[in-house]
Amino acid sequence: MLSDIHSVSSALDAALRDARSEGFDVLLILGDLLTYGVNPAETLELVHEAVARDGAILVSGNHDQMYLDTASEPDYLARLPDWLRETVEWTAARISPGALAGFDWQEQWAAGPLLAAHANPFAFGDWTYLADTASADAAARTLVQRGYRYGIFGHTHRARRFEGEGADVFTVGSLGQPRELADPRLQWAMIELREDRIDVQPRFVPFDRAAHQAAIRATTLSRPTQDRLCGFFA
(Lines give C-alpha, C1' and ligand atoms only; values in the text may rest on other atoms or scores of the structure.)
Protein backbone atom coordinates (compact mmCIF):
# COMPACT_ATOMS: atom_id res chain seq x y z
CA MET A 1 0.00 0.00 0.00
CA LEU A 2 1.48 3.31 -1.15
CA SER A 3 0.20 6.74 -0.17
CA ASP A 4 0.96 10.46 -0.47
CA ILE A 5 3.60 10.30 -3.19
CA HIS A 6 3.57 14.04 -3.90
CA SER A 7 5.69 14.03 -7.05
CA VAL A 8 8.70 12.31 -5.47
CA SER A 9 9.27 9.89 -8.32
CA SER A 10 12.51 8.41 -6.99
CA ALA A 11 10.78 7.18 -3.83
CA LEU A 12 7.87 5.82 -5.84
CA ASP A 13 10.23 3.98 -8.18
CA ALA A 14 12.10 2.45 -5.23
CA ALA A 15 8.87 1.42 -3.51
CA LEU A 16 7.48 -0.21 -6.64
CA ARG A 17 10.70 -2.13 -7.21
CA ASP A 18 10.75 -3.32 -3.61
CA ALA A 19 7.07 -4.30 -3.67
CA ARG A 20 7.52 -6.31 -6.85
CA SER A 21 10.53 -8.05 -5.39
CA GLU A 22 8.66 -8.93 -2.21
CA GLY A 23 5.44 -9.88 -3.99
CA PHE A 24 1.83 -8.86 -3.43
CA ASP A 25 -1.73 -9.76 -4.36
CA VAL A 26 -3.04 -6.20 -4.70
CA LEU A 27 -1.16 -2.96 -5.26
CA LEU A 28 -3.16 -0.13 -3.74
CA ILE A 29 -2.20 3.53 -4.14
CA LEU A 30 -4.07 5.74 -1.68
CA GLY A 31 -3.83 8.96 -3.63
CA ASP A 32 -2.08 12.32 -3.56
CA LEU A 33 0.14 11.64 -6.54
CA LEU A 34 1.18 15.26 -7.06
CA THR A 35 2.04 18.62 -5.43
CA TYR A 36 5.02 19.58 -3.24
CA GLY A 37 7.59 17.54 -5.18
CA VAL A 38 9.36 18.43 -8.41
CA ASN A 39 8.89 15.36 -10.63
CA PRO A 40 5.18 15.27 -11.51
CA ALA A 41 5.54 13.92 -15.05
CA GLU A 42 7.91 11.15 -13.96
CA THR A 43 5.56 10.27 -11.10
CA LEU A 44 2.59 9.91 -13.44
CA GLU A 45 4.63 7.75 -15.82
CA LEU A 46 5.45 5.37 -12.97
CA VAL A 47 1.80 5.24 -11.89
CA HIS A 48 0.70 4.48 -15.45
CA GLU A 49 3.24 1.66 -15.54
CA ALA A 50 2.01 0.33 -12.19
CA VAL A 51 -1.56 0.29 -13.46
CA ALA A 52 -0.60 -1.50 -16.68
CA ARG A 53 1.95 -3.89 -15.21
CA ASP A 54 0.64 -4.54 -11.71
CA GLY A 55 -3.07 -3.74 -11.96
CA ALA A 56 -2.59 -0.96 -9.40
CA ILE A 57 -5.80 0.40 -7.91
CA LEU A 58 -5.90 4.18 -7.45
CA VAL A 59 -7.90 5.69 -4.60
CA SER A 60 -8.42 9.43 -4.96
CA GLY A 61 -6.95 11.82 -2.41
CA ASN A 62 -7.52 15.50 -1.77
CA HIS A 63 -4.56 16.54 -3.94
CA ASP A 64 -5.82 14.42 -6.83
CA GLN A 65 -9.24 16.01 -6.51
CA MET A 66 -7.61 19.42 -6.35
CA TYR A 67 -6.30 19.06 -9.92
CA LEU A 68 -9.55 17.54 -11.15
CA ASP A 69 -11.59 20.32 -9.51
CA THR A 70 -9.26 23.01 -10.84
CA ALA A 71 -9.87 21.78 -14.38
CA SER A 72 -13.65 22.01 -13.98
CA GLU A 73 -13.81 24.96 -11.58
CA PRO A 74 -11.28 27.72 -12.48
CA ASP A 75 -12.06 29.75 -9.34
CA TYR A 76 -10.86 26.87 -7.17
CA LEU A 77 -7.25 28.02 -7.35
CA ALA A 78 -8.11 31.48 -6.08
CA ARG A 79 -9.21 29.99 -2.76
CA LEU A 80 -5.85 28.30 -2.10
CA PRO A 81 -3.01 29.84 -0.06
CA ASP A 82 -0.51 31.67 -2.26
CA TRP A 83 2.30 29.11 -1.86
CA LEU A 84 0.02 26.16 -2.55
CA ARG A 85 -1.61 27.84 -5.54
CA GLU A 86 1.82 28.54 -7.02
CA THR A 87 2.87 24.94 -6.46
CA VAL A 88 -0.28 23.60 -8.11
CA GLU A 89 0.12 25.92 -11.10
CA TRP A 90 3.80 24.97 -11.45
CA THR A 91 2.89 21.28 -11.30
CA ALA A 92 -0.04 21.60 -13.73
CA ALA A 93 2.22 23.30 -16.28
CA ARG A 94 4.47 20.24 -16.32
CA ILE A 95 1.88 17.55 -16.98
CA SER A 96 -0.45 17.07 -19.90
CA PRO A 97 -3.97 18.52 -19.59
CA GLY A 98 -6.35 15.95 -18.16
CA ALA A 99 -3.49 13.68 -17.08
CA LEU A 100 -5.16 12.76 -13.80
CA ALA A 101 -8.60 12.47 -15.36
CA GLY A 102 -7.27 9.62 -17.47
CA PHE A 103 -6.92 7.35 -14.45
CA ASP A 104 -9.67 5.08 -13.17
CA TRP A 105 -10.09 6.63 -9.74
CA GLN A 106 -11.86 4.90 -6.87
CA GLU A 107 -13.33 6.67 -3.86
CA GLN A 108 -12.43 3.73 -1.63
CA TRP A 109 -11.44 0.07 -1.77
CA ALA A 110 -12.66 -2.84 0.33
CA ALA A 111 -11.73 -6.49 0.85
CA GLY A 112 -13.73 -8.50 3.38
CA PRO A 113 -13.41 -6.80 6.77
CA LEU A 114 -11.03 -4.12 5.47
CA LEU A 115 -11.86 -0.66 4.11
CA ALA A 116 -9.17 1.58 2.63
CA ALA A 117 -9.52 5.21 1.60
CA HIS A 118 -7.27 8.22 1.34
CA ALA A 119 -8.27 10.09 4.49
CA ASN A 120 -10.96 8.35 6.54
CA PRO A 121 -14.11 6.19 6.32
CA PHE A 122 -16.45 9.16 6.28
CA ALA A 123 -18.09 10.56 3.14
CA PHE A 124 -15.85 11.02 0.10
CA GLY A 125 -14.59 14.57 0.00
CA ASP A 126 -14.39 14.76 3.79
CA TRP A 127 -10.65 15.16 4.33
CA THR A 128 -10.67 15.06 8.12
CA TYR A 129 -7.31 13.94 9.48
CA LEU A 130 -7.22 10.89 11.74
CA ALA A 131 -4.58 12.44 13.92
CA ASP A 132 -5.79 11.85 17.45
CA THR A 133 -7.85 9.48 19.57
CA ALA A 134 -11.09 11.40 19.13
CA SER A 135 -10.98 11.37 15.32
CA ALA A 136 -9.83 7.74 15.29
CA ASP A 137 -12.67 6.72 17.61
CA ALA A 138 -15.14 8.42 15.28
CA ALA A 139 -13.58 6.55 12.36
CA ALA A 140 -13.84 3.25 14.25
CA ARG A 141 -17.54 3.83 14.94
CA THR A 142 -18.12 4.60 11.28
CA LEU A 143 -16.27 1.45 10.23
CA VAL A 144 -18.42 -0.68 12.55
CA GLN A 145 -21.60 0.97 11.24
CA ARG A 146 -20.49 0.17 7.70
CA GLY A 147 -19.66 -3.43 8.56
CA TYR A 148 -15.86 -3.29 8.63
CA ARG A 149 -13.36 -4.47 11.23
CA TYR A 150 -10.30 -2.62 9.93
CA GLY A 151 -9.63 0.68 8.22
CA ILE A 152 -6.41 1.82 6.56
CA PHE A 153 -5.89 5.41 5.45
CA GLY A 154 -3.20 7.86 4.36
CA HIS A 155 -3.44 11.66 4.43
CA THR A 156 -1.71 12.27 7.77
CA HIS A 157 1.73 11.22 6.47
CA ARG A 158 2.25 9.42 9.78
CA ALA A 159 2.07 5.69 10.56
CA ARG A 160 -0.30 5.06 13.46
CA ARG A 161 -2.56 2.36 14.87
CA PHE A 162 -5.65 3.15 16.93
CA GLU A 163 -7.56 0.33 18.58
CA GLY A 164 -11.14 1.55 18.58
CA GLU A 165 -14.23 -0.13 19.94
CA GLY A 166 -15.09 -2.79 17.38
CA ALA A 167 -12.59 -1.68 14.75
CA ASP A 168 -8.88 -0.96 14.36
CA VAL A 169 -7.83 2.17 12.51
CA PHE A 170 -4.45 2.49 10.78
CA THR A 171 -2.78 5.38 9.02
CA VAL A 172 0.24 4.73 6.81
CA GLY A 173 3.29 6.90 6.25
CA SER A 174 4.11 8.98 3.21
CA LEU A 175 6.25 8.26 0.18
CA GLY A 176 6.62 11.92 -0.68
CA GLN A 177 6.55 14.12 2.39
CA PRO A 178 7.41 12.67 5.81
CA ARG A 179 5.80 14.36 8.80
CA GLU A 180 6.93 11.96 11.52
CA LEU A 181 9.56 13.93 13.40
CA ALA A 182 10.82 10.92 15.34
CA ASP A 183 11.40 8.89 12.17
CA PRO A 184 11.28 11.02 9.00
CA ARG A 185 12.00 8.19 6.55
CA LEU A 186 9.86 7.86 3.45
CA GLN A 187 7.78 4.71 3.61
CA TRP A 188 5.05 2.50 2.22
CA ALA A 189 3.29 -0.44 3.91
CA MET A 190 2.89 -4.16 3.35
CA ILE A 191 -0.51 -5.39 4.52
CA GLU A 192 -1.27 -9.01 5.37
CA LEU A 193 -4.98 -9.63 5.87
CA ARG A 194 -6.27 -12.89 7.31
CA GLU A 195 -9.69 -13.90 8.56
CA ASP A 196 -8.88 -13.15 12.19
CA ARG A 197 -6.13 -10.55 12.05
CA ILE A 198 -4.33 -7.88 10.06
CA ASP A 199 -0.64 -7.05 9.99
CA VAL A 200 0.54 -3.63 8.78
CA GLN A 201 4.31 -3.40 8.36
CA PRO A 202 6.22 -0.32 7.16
CA ARG A 203 8.76 -0.58 4.40
CA PHE A 204 11.33 2.21 4.10
CA VAL A 205 12.99 3.58 0.98
CA PRO A 206 16.28 5.50 0.69
CA PHE A 207 15.97 9.22 0.15
CA ASP A 208 18.46 12.07 -0.21
CA ARG A 209 16.83 15.02 1.56
CA ALA A 210 19.58 17.46 0.61
CA ALA A 211 19.32 16.56 -3.07
CA HIS A 212 15.55 16.96 -2.90
CA GLN A 213 15.87 20.41 -1.35
CA ALA A 214 18.42 21.36 -4.03
CA ALA A 215 15.98 20.24 -6.73
CA ILE A 216 13.30 22.48 -5.22
CA ARG A 217 15.74 25.40 -5.14
CA ALA A 218 16.51 24.82 -8.84
CA THR A 219 12.89 25.37 -9.89
CA THR A 220 11.27 28.61 -11.02
CA LEU A 221 9.09 28.67 -7.91
CA SER A 222 9.31 31.82 -5.83
CA ARG A 223 11.70 31.90 -2.90
CA PRO A 224 8.90 31.94 -0.27
CA THR A 225 7.29 28.89 -1.86
CA GLN A 226 10.65 27.12 -2.09
CA ASP A 227 11.23 27.88 1.59
CA ARG A 228 7.85 26.39 2.46
CA LEU A 229 8.44 23.22 0.45
CA CYS A 230 12.00 22.74 1.70
CA GLY A 231 10.73 23.22 5.24
CA PHE A 232 8.94 19.89 5.05
CA PHE A 233 12.35 18.24 4.69
CA ALA A 234 14.34 20.35 7.18
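Residues numbered from 1 in each chain as written. Predicted model: local features only at pLDDT ≥ 70, side-chain atom pairs only at ≥ 80, totals over all residues. Heavy atoms only, no water.

Caption draft 1: Focus on the sheet that holds strand β3 (residues 105–106). If you trace the three strands from one edge of the open sheet to the other, you get β1-β2-β3, paired in parallel fashion. Whereas interior strands pair on both sides, the edge strands pair on one side only; in this sheet they are β1 (28–29) and β3. With two bridges connecting them, strand β2 (residues 57–59) and β3 associate as parallel partners. Bridging from a neighbouring strand, Val 59 pairs with Gln 106 of β3. (Pairing = 2+ DSSP bridges. Helix = DSSP H or I, 4+ residues; strand = E, 2+ residues; numbered from the N terminus.)

Caption draft 2: The pairing of strand β8 (residues 168–171), seen in detail. Both faces of β8 are covered, namely the face carrying Asp 168 and Phe 170 and the face carrying Val 169 and Thr 171. As paired strands, strand β7 (residues 160–163) and β8 are joined by four bridges and run antiparallel to one another. Paired with Arg 160 across the bridge in β8 is Thr 171. The loop that links β7 with its antiparallel partner β8 comprises four residues; one of these, Gly 166, has a positive phi angle of about 90 degrees. (Buried < 20%, exposed > 50% of the residue type's maximum accessible area, 1.4 Å probe, protein only.)

Caption draft 3: Seen up close, the packing of helix α6 (residues 209–217) against helix α7 (residues 223–231). Viewed as axis vectors pointing N to C, α6 and α7 meet at an angle of 165 degrees, and their least axial separation amounts to 9 Å. It follows from the interaxial angle that α6 and α7 lie roughly antiparallel. Here α6 runs over α7; the crossing is right-handed. Two secondary-structure elements touch here, α6 through Gln 213, Ile 216 and Arg 217 and α7 through Arg 223, Gln 226, Asp 227, Leu 229 and Cys 230. For the contact of α6 with α7, the per-class residue count stands at three nonpolar, two polar and three charged. (Axes fitted to C-alpha atoms, helices over the stretch in contact; angles between N-to-C directions. Parallel < 35°, antiparallel > 145°, perpendicular 65-115°, else oblique. Left-handed = near helix turned anticlockwise from the far one by under 90°. Contact = heavy atoms within 4.5 Å. Nonpolar A, V, L, I, M, F, W, Y, C, P; charged D, E, K, R; others polar.)

Caption draft 4: Main features of the sheet that holds strand β5 (residues 114–117). Spatially, the five strands line up as an open sheet ordered β4-β5-β6-β8-β7, and their pairing is mixed. The two strands at the open ends of the sheet, each matched to only one other strand, are β4 (109–111) and β7. On average, each strand axis in the sheet is tilted by 15 degrees relative to the strand beside it, whichever way the strands run. Note: strand β6 (residues 150–153) against β8, four bridges, orientation parallel. Bridge pairing in β8 places Phe 153 opposite Thr 171. Contacts between helix α5 (residues 133–145) and the sheet are confined to β5, β6, β7 and β8, with β8 contributing the most and set at about 120 degrees to the helix.

Caption draft 5: Looking closely at the nonpolar core. Counting 44 residues, the largest nonpolar core has Leu 2, Leu 33 and Leu 175 as the members making the most contacts within it. Listed by contribution, the elements that provide at least two residues to this core are α1 (9–22), α2 (40–54), α3 (62–72), α4 (82–92), β9 (186–193) and α7. Take this core: its biggest share by element is six residues, from α1. Not counting residues up to four positions away in its chain, the partners in contact with Leu 2 are Leu 12, Ala 15, Leu 16, Leu 27, Leu 28, Ile 29, Leu 30, Leu 175 and Trp 188. (Core = buried A, V, L, I, M, F, W, Y, C linked by side-chain atoms within 4.5 Å.)

Caption draft 6: Broad picture of the pattern of salt bridges. Counted by the stated rule, this structure contains 13 salt bridges. Ionic pairing is found between Asp 82 and Arg 85, a salt bridge with its closest N-O pair at 2.6 Å. Placement of the pair is Asp 82 and Arg 85 together in helix α4, with a separation of three residues, close to one helical turn. The exposed category is assigned to Asp 82, whose relative accessible area is 56%. A salt bridge links Asp 227 to Arg 223; the nearest nitrogen and oxygen atoms lie 3.4 Å apart. With Asp 227 and Arg 223 both in helix α7, this residue pair falls four residues apart, about one helical turn. When its relative accessible area of 53% is taken as the criterion, Arg 223 is described as exposed. Residues joined in a network through salt bridges with shared partners are Arg 149, Arg 161, Glu 163 and Asp 168. (Salt bridge = Lys/Arg side-chain N within 4 Å of Asp/Glu carboxyl O.)

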